[in-house]
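Listed below, chain by chain, are the residues.
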Amino acid sequence: MSIKFSDEYFMKIAIKEGYKGLGYTSPNPAVGAVLVNPLTKEIIAKGYHKRYGYPHAEVEAICKAGGKTKGAHLYVTLEPCSHYGKTPPCTEKILEVGISKVICAIRDPNPVARGGLEILKSKGVEVKVGVLEKEAKILTRFFLSYILRKQPWVIMKVASSLDGKIAVSTGDSKWITGEEARKYGHKLRHICDAILVGKNTVIKDNPELTCRLVKGKNPVRIVLDTKLSLSPDYKIFKIDKDKKTVIACGEKASLKKEEVFKNKGIEVWRLPLKRNKIDLKALLEKCYEKGISSLLVEGGAKIHGSVLEENLVDEIFYFVGPVIIGDKKGIMAIEREPLTRLNEALFLKDLHVKKLGNSYLFHAYTQTGLNLLNIPLGEF
């Protein structure tokens, strides 16, 4: 079967390149680029934004092209930047090497960087935008949330039995899902800037919340502890250059206990309360202030319930193991306030199911997440 060398074909390759940088570029977006010879349809070079502060995807591809850029077409998942930041403007490099056409998936929503296409067009470069817009927005969703909503993209990750429990009544929970599912969960930790748990999860599981099962960077570990009642001896409070921990507490929590945590290198965020619990919207505002563009909510059940009640979840990864616990006092995966009508429940969108070893992954978006992804960014 012959290959149809369309704009969509090459943009898919650019998007695949972009995913290689996801987890390393924040608060910058993950971006991929492909240089193509328009006559032969040969791929000259590919590139992606490898890490925050490193060259952008377009420059990576140009540097790999070995001088074969004159008249080439550039496919890039996000509009080339036009400003001086950590790196020079990509538009200057594109013009310098003689690229004749730039095809991008979405415009850059950042007012500081936007405008690259206008500059290129004014210099005689042909431009096109809107190719695989939806797919590129998904790649760039953390950045879009950070810029457009000024808060991180929120992912809820749950792993439960078939009957919706995460442990038997004694708290024993290892392991409901299989190794492949657990590795996938660690990949989620890698791509997200921060991970959120409540104090009960720390007490019951004494977790590290690292990416030890996969290669990747560890997220900032955020623990909700309203009264700073946790002991500083848990594993999550052992930090080094690759492991950072934040404890979020109420404004009236013990100053003496705060000093104990600070002396261990733990950052303490004092936040307002809402119904005697940390105000989660205030937490997201603090995350934004700290440059966190994506937050993985791992639990426990009450935290999951709270983010759902506040309508803060954008995306859900729900892992189900081949287990029926059946313990009437077993620990539920999600606990929220009682509902009076079914239409108050969360109905998921764009659901996809994937088998991971002996477990299943249900991946979906909420309407909140789709509202962001539906903002038009493919028009010029």
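Notes on the structure in this doc start here.

Calculation rules
- Residues numbered from 1 in each chain as written.
- Predicted model: local features only at pLDDT ≥ 70, side-chain atom pairs only at ≥ 80, totals over all residues.
- Heavy atoms only, no water.
- 1 Å grid on protein atoms, 1.4 Å probe; cavity = no way out; pocket = protein on both sides within 12 Å on 5 of 7 lines; lining within 4 Å.
- Points joined across faces, edges and corners; volume = space filled by probe spheres on them.
- Helix = DSSP H or I, 4+ residues; strand = E, 2+ residues; numbered from the N terminus.
- Nonpolar A, V, L, I, M, F, W, Y, C, P; charged D, E, K, R; others polar.
- Phe/Tyr/Trp six-rings, centres within 6.5 Å; stacked < 30°, edge-to-face > 60°.
- Lys NZ or Arg CZ within 6 Å of the ring centre and 35° of its normal.
- Pairing = 2+ DSSP bridges.
- Axes fitted to C-alpha atoms, helices over the stretch in contact; angles between N-to-C directions.
- Contact = heavy atoms within 4.5 Å.
- Buried < 20%, exposed > 50% of the residue type's maximum accessible area, 1.4 Å probe, protein only.

Remarks on the layout of surface pockets
A probe matching the size of a water molecule, rolled over the atoms, marks out where space remains unfilled.
Part 1: The calculated volume of the second largest pocket comes to roughly 630 Å³.
Part 2: Around the second largest pocket, the lining is made up of 20 residues, and of these Tyr 19, Leu 22, Arg 141, Tyr 184 and Ile 191 lie nearest the centre.
Part 3: Residue assignment for the lining of the second largest pocket shows that the elements contributing at least two residues are α1 (7-19), α5 (133-139), α7 (179-191), β15 (315-320), β17 (349-356) and β18 (359-365).
Part 4: Per element, the largest residue contribution to the lining of the second largest pocket is 5 residues, and it comes from α7.
Part 5: The residue makeup of the lining of the second largest pocket, split by class, is 10 nonpolar, 3 polar and 7 charged.

Notes on the packing of aromatic side chains
Part 1: With the rule as written, the count across this model stands at 9 aromatic pairs.
Part 2: For the ring pair Phe 5 and Tyr 9, a centre distance of 5.3 Å and an interplane angle of 90° mean the geometry is edge-to-face.
Part 3: Between Trp 153 and Tyr 365 the ring centres are 6.3 Å apart and the planes differ by 70°, which places this aromatic pair in the edge-to-face class. Placement of Trp 153 in strand β6 (residues 153-160) and of Tyr 365 in strand β18 is noted, with a sequence separation of 212 residues between them.
Part 4: Here a set of aromatic residues connected by ring pairs shows up, and it is made of Phe 5, Tyr 9, Phe 10 and Tyr 75.
Part 5: Here the guanidinium or amino end of Lys 174 rests over the ring plane of Trp 175, the centre of that ring lying 5.3 Å away.

What about the sheet that holds strand β5 (residues 126-129)?
Part 1: Read from one edge of the open sheet, 5 strands run β2-β1-β3-β4-β5, paired in mixed fashion. Edge strands, defined here as strands with exactly one partner in the open sheet, are β2 (43-48) and β5. Between one strand and the next, the sheet's axes are offset by a mean angle of 15°, whatever the strand orientation.
Part 2: Alignment of strand β1 (residues 32-36) against β2, held across 5 bridges, turns out to be antiparallel. The residue bridging Gly 32 from the neighbouring strand is Tyr 48, located in β2.
Part 3: Relative to the sheet, α1 contacts β1, β2, β3 (73-78), β4 (101-106) and β5, its axis offset from that of β1 by approximately 140°.
Part 4: Sheet contacts for helix α2 (residues 57-64): β1, β2 and β3; angle to β2, the most-contacted strand, approximately 140°.

Overview of unusual backbone geometry
Part 1: Of the consecutive residues Ser 26 and Pro 27, the connecting peptide bond is found in the cis state with omega at 5°.
Part 2: The residue Pro 27 is located in the loop between α1 and β1 in this model.
Part 3: Of note, the amide linkage connecting Gly 299 to Gly 300 takes the cis form, showing an omega dihedral of 10°.
Part 4: Counting through the fold element by element, Gly 300 comes out in the loop between β14 (294-299) and α11 (301-309).
Part 5: You will see that Lys 41, though not glycine, has its phi angle at about 65°, which is positive.
Part 6: Structurally, the position occupied by Lys 41 is in the loop between β1 and β2.
Part 7: One non-glycine residue, Asn 276, adopts positive backbone phi at about 65°.
Part 8: Its location among the elements puts Asn 276 in the loop between β12 (273-274) and β13 (277-278).
Part 9: What makes Asn 276 exposed here is its relative accessible area of 69%.

Examining the side chain of Asp 7
Part 1: Within the element layout of this structure, Asp 7 appears in helix α1.
Part 2: Ignoring anything within four residues of it in the chain, the contact list for Asp 7 reads Tyr 75, Lys 128 and Val 131.

So, the pairing of β17
Part 1: Of the strand pairs in this sheet, β17 and β18 are connected by 6 bridges, and their pairing is antiparallel. Looking across to β18, one finds that Val 353 is bridged to Phe 362.
Part 2: Between β17 and the antiparallel strand that follows it, β18, lie 2 residues; Gly 357 among them carries a positive phi value of about 65°.

Details of the environment of Val 154
Part 1: Relative to the elements of secondary structure, Val 154 occurs in strand β6.
Part 2: Between the C-alpha atom of Val 154 and that of Ser 293, which follows or precedes it by 139 residues, the distance is 8.8 Å.
Part 3: Excluding its chain neighbours within four sequence positions, the residues that come into contact with Val 154 are Leu 284, Leu 295, Val 297, Leu 312, Val 313, Asp 314 and Glu 315.

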